[in-house]
Amino acid sequence: MHRYPDSPVFYRNLAREFPLAVRGEGCWIEDETGKRYLDAVGGAFVACIGHGVREIGDAMAQQAGRIAYVSGAAFTNEGVEALAAKLVARTPGMDRAYILGSGSEATEAALKLARQHWVERDQPTKHRVIALKPAYHGNTMLALSASARETYRAFWPEWLTDVQRIAAPYSYRCGCDGAADCPSCSGDALEAAILREGAARVAAFIAEPIGGSSTGASVPRDGYLRRIREICDRHEVLLIADEVLCGAGRTGTWTASESFGVVPDIMTLGKGISGGYAPVSAVLARDAIIEPLARGTGALVHAQTYSHHAVTCAAAVAALDYVDKHDLIARCRNVGVTFHERLQALRDLPGVGDVRGRGLLAGVEFVADTVTRAPFPRSLKFAERFVRNAQQAGLIVWPNVGHADGTNGDLAMLAPAFIISDSEIDLVVERFTTAMTRTMADLHASAPAT
Ligand code: PLP
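Residues numbered from 1 in each chain as written. Predicted model: local features only at pLDDT ≥ 70, side-chain atom pairs only at ≥ 80, totals over all residues. Heavy atoms only, no water.

Draft legend 1. How the structure looks around the packing of helix α14 (residues 328–343) against helix α16 (residues 422–446). Following both chains from N to C, one finds α14 and α16 inclined at 30°, their axes separated by 10 Å at the closest point. The orientation of α14 relative to α16 falls into the category roughly parallel. Seen from above, α14 lies across α16 with right-handed handedness. Here Val335, Thr338, Phe339, Arg342 and Leu343 of α14 come into contact with α16, specifically with Asp422, Ile425, Asp426 and Val429. A class-by-class count of the residues in the contact of α14 with α16 yields 5 nonpolar, 1 polar and 3 charged. (Axes fitted to C-alpha atoms, helices over the stretch in contact; angles between N-to-C directions. Helix = DSSP H or I, 4+ residues; strand = E, 2+ residues; numbered from the N terminus. Parallel < 35°, antiparallel > 145°, perpendicular 65-115°, else oblique. Left-handed = near helix turned anticlockwise from the far one by under 90°. Contact = heavy atoms within 4.5 Å. Nonpolar A, V, L, I, M, F, W, Y, C, P; charged D, E, K, R; others polar.)

Structure representation (structure tokens):
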């Protein structure tokens, strides 16, 4: 039995039983009983080239056979050289890539780089960080400090550092109805926050160019990111684009930033860059950001044993080669159009308030009242119930909670592999509908009689 306490594994959930996944192919995962699941979210926005691509494993084996590990303090290696060259070549404006293992590590390193940049430029008062709300940048303490994700923060308030928050450009919830002067959707809120803080104290603004799970794939209005760039430039604040979720082709261009014509100062990537075949993330930066370190202390103070790892980099290189060989980012963009057209059918389901996103990234927001947009009370655990029912129906999706007001709010996220077929998209809609019908029926069955 794969559940606590019957197994030595310290599971991510101690209250449920886990099916044992034994193989995967394309968009499909099979468990030990032979049950097949349609993976509509690449696990966690990760498996973008599909499961079971042999050549990625072959590339990792070849690198491990030559040399698996050298310390990044003593050597460089073929894997990291090849990966950095590939990332920099395809990311407009970025000159260098620092390779790590997770999105959280990349956020930590990006924020440290921003701070160290100012200290090395003799501007040590610039240490404050501004971030959005809702937002998520990772689960380590500095990344979590920048994340407005109350459920994850609840146990460690004393350990988290103070980050200034401004409202995210989340049009379904801010209620501005497209008004030009909406502070959160226009970018004005950032300027006000910098002025409140004093530009001489602000090191960086960190944001996802297209919302991930925190705002359910909310796409900001055209011009938002350009205005953010202009405000950051005017006040000498570094712009960090967190593309851990929305980057690596997920929204139909290599990065979401480039689709808005914006070059950030620092960018983070993760999740999709290795297609899930190895844990790989990256901090990319312009030379202008790194030069003060090169002229000063000589290193980013972020030593990690497994940074710049030869085998994980080889996996990412092979995954990116696969993306290029099969033109998968163009495919993501084109199939994304069909995907969003077909997902619109979900709007007719009771309990669905909005369906949005771009490319092969979508968020479905659940509400108790579609007119007032009132969320379900958190006590109903709607998103959790929905995801359980979806898994039972053979569909893997990702839940998010709390975005409506910090506590309430339920979302299901979809982010299938870029190779998903039209008939698989139809199956996503069909199984989503089944899970939704079951979840609404569960709610009625558990509602107290009136
Ligand atoms: N940044 C964003 C936008 C994310 O969505 C996530 C994870 O979901 C992270 C950072 C943290 O990445 P990881 O879970 O790999 O540490």
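From this point on, the discussion continues.
Draft legend 2. Main features of the nonpolar core. Leu87, Phe366, Phe386 and Leu414 are the most contacted members of the largest nonpolar core, which has 70 residues in total. Top contributing element to this core by residue count: helix α13 (residues 310–325), with 10 residues. For this core, the domains that each give at least three residues are domain 1 (21–52 + 327–446) and domain 2 (55–325). Setting aside chain neighbours within four positions, we find Leu414 in contact with Ala40, Val41, Phe339, Leu343, Leu360, Leu361, Ala362, Val364, Val397, Val428 and Phe432. (Core = buried A, V, L, I, M, F, W, Y, C linked by side-chain atoms within 4.5 Å. Buried < 20%, exposed > 50% of the residue type's maximum accessible area, 1.4 Å probe, protein only. Domains from an automatic or database assignment.)

Draft legend 3. Spotlight on the pattern of salt bridges. Overall, the coordinates contain 26 salt bridges when judged by the stated rule. Linking Asp287 and Arg96 is a salt bridge whose minimum nitrogen-to-oxygen distance equals 2.8 Å. Taken together, the positions of Asp287 in helix α12 (residues 287–295) and Arg96 in strand β4 (residues 96–100) put the pair 191 residues apart, joining distant regions of the chain. Residue Arg229 is joined to Asp233 by a salt bridge in which the shortest nitrogen-to-oxygen separation is 2.8 Å. Taken together, the residues Arg229 and Asp233, both in helix α10 (residues 224–234) and 4 residues apart, mark about one turn of the helix. Look at Asp233 and you get partly exposed, because its relative accessible area is 47%. When salt bridges with common partners are traced through the structure, they connect Arg173, Arg347, Asp354, Arg356 and Glu365 into a single cluster. (Salt bridge = Lys/Arg side-chain N within 4 Å of Asp/Glu carboxyl O.)

Draft legend 4. Region of the structure containing the sheet that holds strand β1 (residues 21–25). Across the sheet, which stays open at both edges, the 4 strands sit in the order β1-β2-β3-β13 with mixed pairing between neighbours. The open sheet has two edge strands with one neighbour each: β1 and β13 (395–396). Bridge analysis of strand β2 (residues 28–31) against strand β3 (residues 36–39) gives 3 bridges, and the strand direction is antiparallel. Its bridge partner being in β3, Trp28 is matched across the sheet by Leu38. Packed on one face of the sheet, α16 meets β2, β3 and β13 and runs near 105° to β3. (Pairing = 2+ DSSP bridges.)

Draft legend 5. Representation of the site of the ligand in the model. Neighbouring residues of the ligand: Ser102, Gly103, Ser104, Tyr136, His137, Gly138, Glu208, Asp242, Val244, Leu245 and Lys271. The separation between an oxygen atom of the ligand and a polar main-chain atom of Gly103 is 2.8 Å. In this structure, Asp242 approaches the ligand through a side-chain N or O atom, which is 2.7 Å from a nitrogen atom. A total of 390 Å² of accessible area belongs to the ligand in isolation, and the protein chains cover 82% of it. Of the residues belonging to the shell around the ligand, the class tally is 3 nonpolar, 5 polar and 3 charged. (Near = heavy atom within 4 Å. Polar contact = N/O pair within 3.5 Å; in protein donor to acceptor, adjacent residues only side chain to side chain. Areas by Shrake-Rupley, 256 points an atom, 1.4 Å probe, with all protein chains shown as cover.)

Draft legend 6. Main features of the domain arrangement of the protein chain. By domain assignment, the protein chain separates into domain 1 (21–52 + 327–446) and domain 2 (55–325). Spacing between the C-alpha centres of domain 1 and domain 2 amounts to 26 Å. Across the boundary between the two partners, domain 1 contributes 39 residues, which contact 39 residues of domain 2. Summed over both partners, the interface of domain 1 with domain 2 comes to about 3100 Å²; 58% of that surface belongs to carbon and sulfur atoms. Applying the counting rule to domain 1 against domain 2 returns 1 salt bridge. We note a salt bridge from Glu365 to Arg173, for which the minimum N-O separation is 2.9 Å. Summed over the shared surface of domain 1 and domain 2, the result is 19 residue pairs in polar contact (both at pLDDT 80 or more). Elements supplying a minimum of two residues to the side of domain 1 that touches domain 2: α1 (42–45), α14, β11 (352–358), β12 (361–366), β14 (398–401) and β15 (410–414). If you tally residues by element for the side of domain 1 that touches domain 2, the top one is β11, at 5 residues. When grouped by side-chain class, the residues that make up the side of domain 1 that touches domain 2 number 22 nonpolar, 10 polar and 7 charged. (Buried area = accessible area lost by both parts, 1.4 Å probe.)

Draft legend 7. Region of the structure containing the layout of surface pockets. In this structure, the second largest pocket encloses a volume near 650 Å³. Lining of the second largest pocket is provided by 31 residues; of these, Arg96, Ala97, Tyr98, Leu300 and His308 occupy positions nearest its centre. Of all the secondary structure elements, the ones that give two or more residues to the lining of the second largest pocket are α3 (78–90), β4, β10 (281–285) and α12. Counting residues per element, the lining of the second largest pocket draws most heavily on α3, which supplies 5 residues. For the lining of the second largest pocket, the residue count by class is 19 nonpolar, 9 polar and 3 charged. (1 Å grid on protein atoms, 1.4 Å probe; cavity = no way out; pocket = protein on both sides within 12 Å on 5 of 7 lines; lining within 4 Å. Points joined across faces, edges and corners; volume = space filled by probe spheres on them.)

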